[in-house]
Amino acid sequence: MLDIRIDTKRYPDRGGRPHLALSGLRMQVARGEFVCVVGPSGCGKSTLLAIVGGLDRACAGEVSMDGGAPADLGFMFQEPRLMPWMSVLDNVLLVVPDALREQARARAVELLRAMELGDVLDAYPGRLSGGMMRRVALARAFVNEPALLLMDEPFVSLDSPTANRLRAMLVAQWQRCQASVLFVTHDLREALALADRICFLSPSPGRVVLEFAVDLPRPRDPSGAQLEQLHAELLARHPELLAGLPALREEAAHD
Amino acid sequence: MSARRLAPPAPAVPARPQVTSSTSPHEPAAAVPQGALARRDEGRLRIASLVVFVLLWQLGASLADSRTLPDPLAVLARIGAETASLALPGHLAVTLGRVAVAFAAAMLVGALVGMAMGRWRKVDAFLDAWLVLGLNIPALVTIILCYVWFGLNDWAAILAVAINKIPTVIVTVREGARAVDPRLLEVARAYRLGRRTTFLRVYLPQLVPYLTAAARSGLSLIWKIVLVVELLGRSEGVGFQLNVFFQFFDITGILAYTLVFAGVVLAAEGWVLRPLERRLGAWRA
């Protein structure tokens, strides 16, 4: 169980005036649960991930995973962020602890094959397409079979067939290794296609204003009728949802 | 040779290290279409250029007095004689040893300080004025001061050479350290890679182009300065020997030693530094 409690997170703003990015944010992710965080841009979604991932420790609050700070995690950023001087396989193996690297090699190769990268194991990232680089980053996130996976809009700026393929690969790997996933996006359809539960954030300072359990059966068709219907229903019920209106909070309590 | 010429040149900051002066561009030729053919043409041109150089030399020698400018064959014969007497190999070995030690020391110290200055603003602010001073002190001054302060010994000589080179290494490496991609370092932190792995496998590879640039310009600077250091205060080495030849107006000897020494340095660059650089930069191709 991942337990997130962020009382306040401030940034020193450009003018030196502190900017309140997150305030009173509480969130829980059960073991093996896929939670999407949806919110308007600038609401602090990436900040949230940076805090949970331990990249940003300057905040008032606490993040714990089964009683301790999350350590066993995979992270996918908005950009692939591969090391350009390492081959595809070495990029994946980079995040494996030294002692386990030899054993992990077979698993990494298998993972990359599952992501249809078997032919480019020794290629440098500079030669790959954007979609392929994301797949390498996805393989890197899964190679240690982490308990927690943090994803910061990882499929943004991909064309939609490519993004859908990547989402299918992500779901397949997640189901295989039973990681808890915290997936940040601003795309409601993407969230509906992926999540067990969606947490909607308010505009900054961000906090959770609505939680919504997605009861669609898997595998889901990202452009299927069921998903479209749910999307329309949700927006009809909460027209300002994607703008993250704080007024929704009371309603959420009754849901 | 004036002190002015010895002052370290303000180092350019190449994202991709440029080819040093004496050889024509060869490495980035991969961009040229019909690679193999172009390369063969290029090889021919190189040989032609060498032949023309020797011919011009011969021509000049036959016009000038043979004592002022001996012809190529005389110099070649001299190289043979000096090699046979083991004088040349001996002096050459001593000088190359000094080059190697000074080079290694300058690279190590320069890289460490450069990384620190690129990484921490406070270190940078503190050392910046020293760096500017170091860049602008003429080599001759450092050499003289080292000999005066530390005595006429090998360590003073090596120190003088290294001090001349360190500032330019610092400037180049600092530029690289500033250009290190924080997003990649964030990957290392997110995956808890640890300091050692982060440094060796995420940080250092980003500095490689800058380190190789510093190494190449370093070699070309150091082997010039070493000769002056030897001329001023050592009793063995190529620089010392050149001074002896100068006293006796022995141009053939000067040219013989110069040719061999330059050849060795060029070979080191062409057969060691450049292939190393190409291997480390293979991913860029």
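Preceding this paragraph is the structure being described.
Residues numbered from 1 in each chain as written. Chains lettered and ligands numbered in written order. Predicted model: local features only at pLDDT ≥ 70, side-chain atom pairs only at ≥ 80, totals over all residues. Heavy atoms only, no water.

Peer 1: Would you explain the nonpolar core in this entry?
Peer 2: Nonpolar side chains tend to gather and get buried jointly when the protein is soluble and globular. If you look at the biggest cluster of nonpolar residues, it comprises 100 residues, and the most contacted ones within it are Ile4, Met27, Leu170, Leu182, Ile198 and Phe200 of chain A. In terms of residue count, helix H5 (residues 160-177) of chain A provides more of this core than any other element does, seven residues in total. Listed in part, the 48 residues of the second largest apolar core include Leu88, Ile143, Trp223 and Leu242 of chain B. (Core = buried A, V, L, I, M, F, W, Y, C linked by side-chain atoms within 4.5 Å. Buried < 20%, exposed > 50% of the residue type's maximum accessible area, 1.4 Å probe, protein only. Helix = DSSP H or I, 4+ residues; strand = E, 2+ residues; numbered from the N terminus.)

Peer 1: Sorry, what's going on with the pattern of salt bridges here?
Peer 2: Any two side chains of opposite charge can pair if their charged atoms end up close together. Residue and element names in this part refer to chain A. Applying the stated criterion across every chain yields a total of 33 salt bridges over all chains. A salt bridge links Arg5 to Glu62, with the nearest nitrogen and oxygen atoms 3.3 Å apart. Within this pair, whereas Arg5 is found in strand S1 (residues 2-12), its partner Glu62 is found in strand S4 (residues 60-65), the two being separated by 57 residues in sequence. Across the salt bridge formed by Glu116 and Arg165, the nearest N and O atoms sit 2.6 Å from each other. (Salt bridge = Lys/Arg side-chain N within 4 Å of Asp/Glu carboxyl O.)

Peer 1: Please explain helix H7 (residues 225-237) of chain A as it appears in this structure.
Peer 2: An α-helix turns once every 3.6 residues. As a result, residues three or four positions apart point the same way. Residues and elements named next belong to chain A. Its 13 residues place the ends of H7 18 Å apart at the C-alpha level, agreeing with the 18 Å of an ideal helix rising 1.5 Å per residue. Regarding H7, the residues found buried are Leu227, Leu230, His231 and Leu234. For H7, the arc enclosing every buried residue in end-on projection is 100°, short of the 170-degree limit, so these residues lie on one face. Summarising the geometry of H7, the exposed residues directed more than 90 degrees from the buried face are Ala225, Gln229 and Ala236. Structurally, H7 contributes buried residues whose contacts are with helix H6 (188-194), strand S8 (197-201) and strand S9 (208-213). (Expected span 1.5 Å × (residues − 1). Arc of directions from axis to C-beta. Contact = heavy atoms within 4.5 Å.)

Peer 1: How should I be thinking about the packing of helix H4 (residues 87-119) of chain B against helix H9 (residues 195-233) of chain B in this particular structure?
Peer 2: A pair of packed helices is characterised by two quantities: the angle between their axes and the separation of those axes. All names here are of chain B. Between H4 and H9, the shortest axis-to-axis distance is 8 Å and the interhelical angle comes to 140°. One element, H4, and the other, H9, form an angle in the oblique class. Seen along the crossing, H4 lies across H9 with a hand that is right-handed. Here the residues of the contact of H4 with H9 sort into 18 nonpolar, two polar and two charged. (Axes fitted to C-alpha atoms, helices over the stretch in contact; angles between N-to-C directions. Parallel < 35°, antiparallel > 145°, perpendicular 65-115°, else oblique. Left-handed = near helix turned anticlockwise from the far one by under 90°. Nonpolar A, V, L, I, M, F, W, Y, C, P; charged D, E, K, R; others polar.)

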